[in-house]
Amino acid sequence: MISHKPFLTNLLLSFALLVSLFLSGCTSGVRVEERTLSENWTIASTKEVNESVQQLSADNFSPANWVKAAVPTTVLGALVEAGIHKDPFFGKNLEAIPRAPFENPWWFRTTFEVDGFNYDQEQLRLLVDGINYRADFWLNGQQIASQDSLYGAFRQFELDISGVTKTGKNTLLVKVYPPQVRDFYMGFVDWAPTPPDHYMGIYREIRLKRTGKVSMTTPFVQSDLDPQKLTEATLTVSTELINHSDAARTVVVKGTLENSTLQKEVTLAPHQKTEVGFSPEEFEQLRINNPRLWWPNGLGNPELYTIQLELSEEGTLLDQHQTRFGIRKIETYLNDKGVRGYKVNGREVLIKSGGWVDDLFLRYMPEKDAAQIRYVKEMNLNSLRFEGFWGNNQHIYDLCDENGILLMVGWSCQWEWPDYLGLELNIKPGDENLPINEGVDLYAVKLTPSEETLLSDYFRDQVKWLRNHPSIFTWAGGSDAMPKPGLEKRYLETLRKYDPTRPFLVSAGDFKSEVTGSSGMKMNGPYEYVPPVYWYEDKKLGGAFGFNSETGPGPQVPPLESIRKMIPEADLWPPDNSQWNYHSGRKDFNSIGVYLTALNNKYGTPKNLEELALKAQLMNYEAIRPMFEAFVVNRPAATGVVQWMLNSPWPEFYWQLYDYYLMPTGAYYGTKKAGQPRNLIYDYHHHTIHVSNDTREPISNFRAEIQLLDQQSRVVMRKDTVLRVGENKVLELMQLPALTGAQQVYFLDLKLKDEAGNAVAENFYWLASRPDLLDWSKYFWYYTPQKQYADFTALNTLPRVPVQAEKKVVRHEDEYEVAVTLKNPSDKVAFFVELELAQGPDGSAVLPVFWSDNYVSLLPGESKTLTVRCSSKNTDQKGLAVRVKGYNLQKPLLL
């Protein structure tokens, strides 16, 4: 017989030890937690509230007539969410909201519970991540911060509330003051209208942090590696410690990284603040062999690590932080043309990017953000530019980390031009057409010493807040302008002290700093419609050379359903009217007249809204694809391009690859085609065909299948070529024969197949014998006009094609996948077929929606299977319908 007594004895001893640890934790008087105070808020205008702070802070006060809100929010955002202002994005409703209610401060009020707070052993702080623009704070009727010191939209604050917190219910009262003329806050410049509240509110999180009398803050993990080998990385870990007590404290900082641990003992004098670090010279475990590297989208997986830091005193946990980071190395360089480029892990990366903006009311929309970053990834983009430190919290940055989306983060031109700060901008006659960098030298805001200090503090707080995100590849000190030398030196000192892992960019524009030299960037537009040939032909302005930090072919009119969502019925047609203009950009971009003129000349004037919507997608696709493709073909002379813009802060017709409602435009799918890692590309200026391999592996024995068809769908040229292309290389394959005939349209079909015959990439172009011609004798700072338009009107008389289609629906966990097979049984091209996933035959479009491809064309006898995924959350599998229409289908199809 085997005795169980030793086992039982050990079990009882282990249980007794666990109980002892539990009881010591319970009796230690320290609870470590962090809470976001997001719910249970109410707001009211100070003009409508007569009670005193003490009355508002009383436990028995009932804010019955106040508006319920969730933080983060602006005042107007909360009023819209509460239904006070209905459908502000429809028509000109936003313009009708009065400004007067937002010219005075607003109260924000909430309550929260604190259990068993022990002042002798615990510390309680409010972490205030973003207020616009000034605020007074009271807790339980006692003032803990004043607008005299708590101000600045991009400052972050810690408020010690240990002495005024009580066990049980606590009342937090915040009086938020609106920004004034020459205050430095966020904005949407000429991209959208300015809301009447000027974004007043608590637009980022307020967090409650409970720790022991010593706490940790702003942990940071720096990674480094040899970009030539990539086989070993080193990490340096640091965190700040603060002793909040009147006594010296000896504490232990412990770090856990996967299977490795780090530990240091530190003694702090009363109220001392110090940094503690762990270096690879001290801790061999911080040398990582064969690290999992963070790569941008298209070049590998964006691998992430997590380190857990714990702070304890005599076995009692005082604080803890969990920090996620990536191992990667960012480098920058200037090539022999003075153009800036970037490397990730030693590999030159063509930055394929778009300009990001938040919601116009700065509302936190995590599901929408996740869908947008998925759109970015599926479009084959690898980057975003944040002109402004966007985000209600770190969620959008986390999404970019997880999806391999590089971020250029920095200040907006909102502060660089006087009129955006509420000042007068008086441009002298003749200067209206100056390039941006010349105009800003003459008319930019001149900062005072105190304003420079404020912006320096802004920069420090944002860098410390965001520096662990591997997705951020550079900090930009300016957009349309550059900081003066004194301020630039302060920015550089901030990075030396807090983030030496990524380079500083003095400006997104073309400037030369006396401190850091040339920016190596350009910002010459265009921002208005230009034809495809522009990107290949232009060698002086915004064409495909250098790093173009913001550019694009102007408006992207969305599909029909989105137009109806934002424009009143009476103003839907004709399109060039005040309602359409209100939903365009601002200033020089307050109409889509240039775009419509080009569309009418190229494709024929639409007879109705439905025809316009389809032709708009055709032109959106045709206009955006060659912009990205030209930069791909022209690398390494071209190092980066930022489409202006990726998304829109509200429903509009300008600058969007998908619209505010998450409806992809034709530009979305044109971008997706252009960004294929391995691709066949047509050069509109030289009439050449190129193969691009923008991956980290060479390709061998691939086959390029090239066909040129006339508008009767007859093959006039066919060529098959076997390819060998090195990694990150572009090769010219051939020149296309001349396109003959008057008013003729041709179709160019490009297919890239691997050695086994599997399709790797497809690209389909429509070309006109009468080409687009630019008028280089005329110059506007934001675009180059045309003197001749390509003639595609023959597309309107293409033979009708009886396309056949079928669908199959499958559920994958929380998503539905619909496979749609299209077949063209005719001997004619089926041109520009649009597929829309809908909630039933007559229902609205399913959004967001993730198509493998769309707006496709089918050669005679060709079949294609496309897939689309959507969330199953608000979708009925049986009700999913696919609507199919196209340029020359015999009739629309419903599946």
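Our structure is the block above this text.
(A) Structural context of the overall build of the protein chain. Assigned secondary structure in the protein chain consists of 15 helices and 49 strands. The C-alpha extent of the protein chain, read off along each of the three principal axes, is 90 × 80 × 65 Å. Counting over 895 residues, the protein chain shows a buried share of 61%. Counting only contacts in the protein chain whose residues sit at least 6 apart along the sequence, the fraction spanning at least 24 positions is 73%. A total accessible area of about 35,000 Å² is found for the protein chain, and carbon and sulfur atoms account for 48% of it.

(B) Here's a closer look at the pairing of strand S21 (residues 330-334). Note: S21 against strand S22 (residues 340-344), five bridges, orientation antiparallel. Note that in S22 the partner of Glu331 across the bridge is Lys343. Connecting the antiparallel pair S21 and S22 is a turn made up of five residues, with Gly338 showing a positive phi of about 80 degrees.

(C) Summary view of the pairing of strand S24 (residues 351-356). The element S24 is extensively covered by neighbouring structure, given that six of its six residues are classed as buried. In the sheet, S24 pairs with strand S32 (residues 638-643) via four bridges, with the strands oriented parallel. Within the sheet, the bridge partner assigned to Ser353 lies in S32 and is Val642. Examined bridge by bridge, S24 and strand S25 (residues 383-387) share four bridges and lie parallel to one another. Of the residues in S25, the one forming a bridge with Ser353 is Ser383. The β-α-β motif built from S24, the intervening helix H5 (residues 366-378) and the parallel element S25 has right-handed crossover chirality.

(D) Here's a closer look at the pattern of salt bridges. Taken as a whole and assessed by the stated rule, the structure comprises 54 salt bridges. For Glu727, the salt bridge goes to Arg347, with nearest N and O atoms at 3.5 Å. In this pair, Glu727 is assigned in the loop between strand S36 (715-725) and strand S37 (729-735) and Arg347 in strand S23 (residues 347-349), connecting sequence segments 380 residues apart. A salt bridge links Glu762 to Lys864, with the shortest nitrogen-to-oxygen separation between them at 3.3 Å. With Glu762 in strand S39 (residues 759-768) and Lys864 in strand S47 (residues 863-871), this pair connects stretches of sequence that are 102 residues apart. Among the residues examined, Glu762 registers a relative accessible area of 22% and is labelled partly exposed. Overlapping salt bridges bring together Glu34, Asp129, Arg207, Lys209 and Asp319 as one network.

(E) Quick look at helix H8 (residues 449-466). Helix length check: H8, at 18 residues, gives a terminal C-alpha distance of 26 Å against a target of 26 Å (1.5 Å per residue), a fit within 8%. Burial within H8 is extensive, with 14 of its 18 residues counted as buried.

(F) Structural context of the sheet that holds strand S26 (residues 406-410). Taken together, seven strands build an open sheet; the order of strands is S28-S27-S26-S25-S24-S32-S31 and the sheet is parallel. Edge positions in the sheet fall to strand S28 (504-505) and strand S31 (546-551), since each of these pairs with one other strand and no more.

(G) Expanded view of the environment of Leu736. Topologically, Leu736 is positioned in the loop between S37 and strand S38 (745-753). The class for Leu736 is buried, based on a relative accessible area of 6%. Sequence separation between Leu736 and His687 is 49 residues; the distance between their C-alpha atoms is 5.5 Å. Discounting chain neighbours no more than four positions away, the residues touching Leu736 are Tyr682, His687, Ile689, Leu708, Met717, Leu748 and Leu767.

(H) Spatial organisation of the packing of aromatic side chains. For the coordinates displayed, the defined rule picks out 68 aromatic pairs. Taking the centre distance of 5.1 Å and the plane angle of 75 degrees together, the rings of Tyr375 and Tyr668 count as edge-to-face. Of this pair, Tyr375 sits in helix H5 while Tyr668 sits in helix H15 (residues 666-674), and the two are 293 residues apart along the sequence. Each member of the pair Tyr375 and Tyr668 is classed as buried. Ring geometry for Trp411 and Trp415: centres 4.8 Å apart, planes at 40 degrees, overall tilted. The residue whose ring lies beneath Lys343 is Tyr333, and the NZ or CZ to ring-centre distance is 5.7 Å. For the cation-ring pair, Arg625 lies above Tyr765, with the distance from its terminal atom to the ring centre recorded as 3.8 Å.

(I) Just the sheet that holds S21, in detail. Ordered by their spatial adjacency, three strands build an open sheet running S21-S22-S23, and the pairing between neighbours is antiparallel. Of all strands in the sheet, those bounded by a partner on one side alone are S21 and S23. Shown here is a sheet whose adjacent strand axes are inclined to one another by a mean of 40 degrees, direction ignored. The sheet contact formed by S22 and S23 spans three bridges and is antiparallel. For Lys343, the partnering residue across the bridge sits in S23 and is Glu348.

(J) Seen up close, the side chain of Thr639. Along the chain, the position of Thr639 falls in strand S32. In this structure Thr639 comes out as buried when scored by relative accessible area, which is 4%. Non-local contacts of Thr639, meaning those with residues more than four positions away in its chain, are made with Tyr333, Val339, Arg340, Gly341, Val349, Leu350, Ile351, Gly546 and Phe547.

(K) The packing of helix H13 (residues 593-603) against helix H14 (residues 609-633), seen in detail. Direction vectors running N to C along H13 and H14 enclose 95 degrees, while the axes themselves pass 11 Å from each other. The angle between H13 and H14 places the two elements in the roughly perpendicular class. Packed against H13, whose contacting residues are Tyr595, Leu596, Ala598, Leu599, Lys602 and Tyr603, the element H14 presents Leu612, Lys615, Ala616, Leu618, Met619, Asn620 and Glu622 at the interface. In the contact of H13 with H14, the residues fall into nine nonpolar, one polar and three charged.

(L) Just the nonpolar core, in detail. By size, the foremost hydrophobic cluster in this structure holds 277 residues, and its most contacted members are Phe137, Trp766, Leu795 and Phe831. The leading source of residues in this core is H14, at 16 residues.

Calculation notes
- Residues numbered from 1 in each chain as written.
- Predicted model: local features only at pLDDT ≥ 70, side-chain atom pairs only at ≥ 80, totals over all residues.
- Heavy atoms only, no water.
- Helix = DSSP H or I, 4+ residues; strand = E, 2+ residues; numbered from the N terminus.
- Buried < 20%, exposed > 50% of the residue type's maximum accessible area, 1.4 Å probe, protein only.
- Contact = heavy atoms within 4.5 Å.
- Areas by Shrake-Rupley, 256 points an atom, 1.4 Å probe, with all protein chains shown as cover.
- Pairing = 2+ DSSP bridges.
- Right-handed = clockwise from strand over helix to strand, strands pointing away.
- Salt bridge = Lys/Arg side-chain N within 4 Å of Asp/Glu carboxyl O.
- Expected span 1.5 Å × (residues − 1).
- Phe/Tyr/Trp six-rings, centres within 6.5 Å; stacked < 30°, edge-to-face > 60°.
- Lys NZ or Arg CZ within 6 Å of the ring centre and 35° of its normal.
- Axes fitted to C-alpha atoms, helices over the stretch in contact; angles between N-to-C directions.
- Parallel < 35°, antiparallel > 145°, perpendicular 65-115°, else oblique.
- Nonpolar A, V, L, I, M, F, W, Y, C, P; charged D, E, K, R; others polar.
- Core = buried A, V, L, I, M, F, W, Y, C linked by side-chain atoms within 4.5 Å.

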